[in-house]
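Examining the three-dimensional arrangement
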Amino acid sequence: MNTQNTPVHIRLWHRDFWLMAMANLLLTVAVYVLIPVMPGWLMQTENLTMRETGLVMGAFGIGIFLFGCFTSYLVQHFRRNIACIWAVLLMAALLAWLYYLDLQKSQFFDFPVLLVQRMGLGAAFGVAQMILSSTLIIDTCESFQRTEANHSASWFSRFALSIGPLTGIIVDRMAGFSTVLLVSIGCTLVAILFILMVHFPFRTPEENVKVVSLDRFFLPQGWPLTLNLMVVTFIMGLLLSTMFSELFYGMEMVGFLVALLAQRFVFRDAEIESEVITGLVLMGVAVLMILTRHQHIVSFAAPMFIGFGLGIIGSRFLLFFIKLSRHCQRGTAQSTFFLAWEFGLALGLCAGYALLEQQTGAVLQVALCTTVVALLFYHFFTHGWYIRHKNR
C-alpha cells in the first residue's frame with residue numbers, strides 16, 4: 001500500500017515553535033480578514049465597479065510573486081528574522097495607508113491607487129510568508145522534525161481561512177470597515193512581537209548567492225502539483241466571493257477540525273490518493289447541495305464539507321511538494337505551495353467579482369464544473385506523475 005504519514009513529536013511544540021506558528025496565523029488572518037468586507041467597501045465607498053473590484057482583489061495574487069525571486073538573497077545577506085520583520089512592517093504600512101484612504105470619506109480614490117495598494121500588500125505578504133515558512137519556522141526545530149513542523153504550521157494558515165473572514169464580518173457589522181483595518185494592522189504588529197521574542201543565531205552568508213534566483217521561491221519541477229492546487233483553491237476563491245455569513249465560516253472551521261482528526265486517524269494507513277479524491281468529492285457535493293437544496297441543514301453541512309475537503313487536500317499537497325523536492329529544496333517547496341494556494345484564492349475572487357459579478361448561481365455552477373476538472377486532472381494525471389517523480 002502506498003501511504004505516507006507524518007509522525008508526531010511532542011517535543012516539536014516548544015515555546016519558539018508556538019510563537020512562529022502563531023505569527024504565521026496572525027499574518028494570514030491580517031490578510032484574510034479583508035476578503036469578505038473589502039469588496040463592499042470598494043464598491044460602496046470608493047465607487048468602483050464590480051469589474052474593478054474583482055481586479056483589485058485579484059491584484060493581491062499577482063503581488064505575491066513580485067519579490068519572491070529575491071527571497072534567498074534577503075535571507076542570506078540580512079538577518080533572516082529582521083528581513084521578515086521589515087516585510088511585515090511594510091504590510092502594516094500598506095494597511096495603514098488603506099486606513100487613511102478610508103478616513104478620507106469626502107473624496108474618492110482612483111482605481112490605479114487601490115490596485116497598487118493591493119498588489120503591494122500581496123508583495124509584502126509574499127516575502128514575509130516565504131521567509132517565515134521556508135526559513136524561520138524550520139529553524140526552530142530539529143532536522144528530523146522539519147516535515148512535521150511544515151505540516152503543523154500550515155494548519156495555522158489553513159484555520160486563518162475561516163478565522164479571518166469570520167472576524168472581518170463580525171467586526172465590520174459591529175464597528176465598520178475602518179475597525180477591520182485596525183484589527184488587521186494589530187495582527188501584523190503582534191506577529192512582529194512574536195518573531196522578536198524568538199532568538200535566531202547569526203549565520204554566515206553563503207558565498208556567490210545570486211540576487212535573483214528560484215531558491216526559496218518556486219519549484220519548477222512541481223508544476224503539475226502547482227497547477228492542480230491552484231485549481232482547487234480557485235474553487236474556494238469563487239465561493240468566498242458569494243459567502244458572507246458567520247455560519248458558513250464557523251462551520252468551515254469545524255470542517256478543518258474534522259479534517260485534522262481524520263488525517264491522523266481515518267486516513268492514517270489509506271492510499272494517499274484517497275485523501276485528495278475524498279476532499280474533492282466532498283467539495284463537489286457541498287457546492288451541489290448549495291446549488292440545488294434549500295433545507296436549513298445545508299447551511300451547516302455544506303461549509304463543513306468544504307472545510308473538510310480543503311483541509312485534507314491542502315495538507316496532503318504540502319507533503320507532496322516536500323517529498324517531491326530534492327536536497328536543500330524544502331524551503332522552495334514550501335514557498336511554491338504557498339504561491340499556488342494564494343494565487344488560486346485571488347484568481348477565484350477576481351473571477352467571482354469581475355467575470356461572474358457575484359451571481360450566486362453562476363458562481364456555483366462554475367465552481368462545480370471546476371471541481372470536476374480538478375478531480376479528473378488529479379486522478380488521471382497529477383497523482384501518477386507525482387508517484388513517478390517523488391524523491392522521498
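Remember, predicted model here, so these are calculated numbers, not experimental data.

Let's shift gears to the overall build of the protein chain. A count of helical and extended segments in the protein chain gives 14 helices and zero strands. Secondary structure elements of the protein chain, listed N to C terminal, follow the sequence α-α-α-α-α-α-α-α-α-α-α-α-α-α. Viewed in the frame of its principal axes, the protein chain has a C-alpha envelope of about 55 × 45 × 35 Å. Counting every position in the protein chain, which comprises 392 residues, the buried fraction comes to 57%. Sequence separation of 24 or more characterises 89% of the internal contacts of the protein chain that already satisfy a separation of 6 or more. Just so you have it, the protein chain exposes about 15700 Å², and 67% of that area is on carbon and sulfur atoms. Side chains of the protein chain give 23 positive and 20 negative charges; the mean places of these two sets differ by 8 Å.

Turning our eyes to something else, we now look at the pattern of salt bridges. Under the counting rule described, the total for this entry stands at five salt bridges. Ionic pairing is found between Asp215 and Arg216, a salt bridge with its closest N-O pair at 3.9 Å. Accessibility expressed as a relative area gives 18% for Arg216, which makes it buried. Note that Glu275 is salt-bridged to Arg316, the shortest N-O span being 2.6 Å. Of this pair, Glu275 sits in helix α11 (residues 272-292) while Arg316 sits in helix α12 (residues 296-324); the two residues are 41 residues apart in sequence, bridging distant segments of the chain.

Structurally, Ser315 can be placed in helix α12. Only 2.8 Å separates the side chain of Ser315 from the side chain of His151, close enough to count as a polar contact. In this view, Ser315 contacts His151, Trp155, Arg158 and Gln263; residues no more than four positions away in its chain are not counted.

Residues Leu34, Leu161, Phe177 and Phe317 are the most contacted members of the largest nonpolar core, which totals 130 residues. Sorting elements by how many residues they give to this core places α12 first, with 14 residues. Excluding anything up to four places from it in sequence, Leu34 contacts Pro39, Leu95, Arg118, Leu121, Phe177, Val180 and Leu181.

With that settled, consider the side chain of Gln129. Of note, Gln129 is situated in helix α6 (residues 111-139). Residue contacts for Gln129: discarding those within four places in its chain leaves Asn24, Leu27, Thr28, Ser134, Ser157 and Phe338.

Evaluation of the coordinates by the stated rule reveals 19 aromatic pairs. Centre to centre, the rings of Trp13 and Phe17 are 5.0 Å apart; their planes meet at 90°, and the pair counts as edge-to-face. For Phe17, a relative accessible area of 0% translates into the label buried. With centroids separated by 5.6 Å and ring planes inclined at 80°, the aromatic side chains of Phe65 and Phe343 adopt a geometry described as edge-to-face. Highlighted residues: Phe65 in helix α3 (residues 50-66) and Phe343 in helix α13 (residues 330-355), separated in sequence by 278 residues.

What follows is about unusual backbone geometry. Although it is not a glycine, Asn47 adopts a positive phi angle of roughly 60°. If you trace the backbone, Asn47 turns up in the loop between α2 (38-44) and α3. Positive phi, close to 55°, is recorded for Glu357, a residue that is not glycine. Take Glu357: it is sitting in the loop between α13 and α14 (360-389).

We now examine helix α7 (residues 146-175). For α7, with 30 residues, the first-to-last C-alpha span of 41 Å sits near the 44 Å given by 1.5 Å per residue. Along its length, α7 shows its largest kink, about 35°, at Ala160. α7 sits mainly inside the fold: 21 of its 30 residues count as buried.

Attention now moves to a nonpolar patch on the surface. A surface patch of nonpolar side chains, about 400 Å² in accessible area, is lined by Ile82, Trp86, Leu89 and Leu189. Sorting elements by how many residues they give to the nonpolar patch places helix α5 (residues 80-103) first, with three residues. By secondary structure assignment, the location of Leu89 is in helix α5.

Criteria and thresholds
- Residues numbered from 1 in each chain as written.
- Predicted model: local features only at pLDDT ≥ 70, side-chain atom pairs only at ≥ 80, totals over all residues.
- Heavy atoms only, no water.
- Helix = DSSP H or I, 4+ residues; strand = E, 2+ residues; numbered from the N terminus.
- Buried < 20%, exposed > 50% of the residue type's maximum accessible area, 1.4 Å probe, protein only.
- Contact = heavy atoms within 4.5 Å.
- Areas by Shrake-Rupley, 256 points an atom, 1.4 Å probe, with all protein chains shown as cover.
- Lys, Arg positive; Asp, Glu negative; His and termini not counted.
- Charge placed at Lys NZ, Arg CZ, Asp CG, Glu CD.
- Salt bridge = Lys/Arg side-chain N within 4 Å of Asp/Glu carboxyl O.
- Polar contact = N/O pair within 3.5 Å; in protein donor to acceptor, adjacent residues only side chain to side chain.
- Core = buried A, V, L, I, M, F, W, Y, C linked by side-chain atoms within 4.5 Å.
- Phe/Tyr/Trp six-rings, centres within 6.5 Å; stacked < 30°, edge-to-face > 60°.
- Expected span 1.5 Å × (residues − 1).
- Bend = angle between axes of the 7 residues up to and from the residue.
- Patch = residues over 30% accessible without salt bridge, like charges linked within 9 Å, V, L, I, M, F, W, Y side chains within 5 Å.

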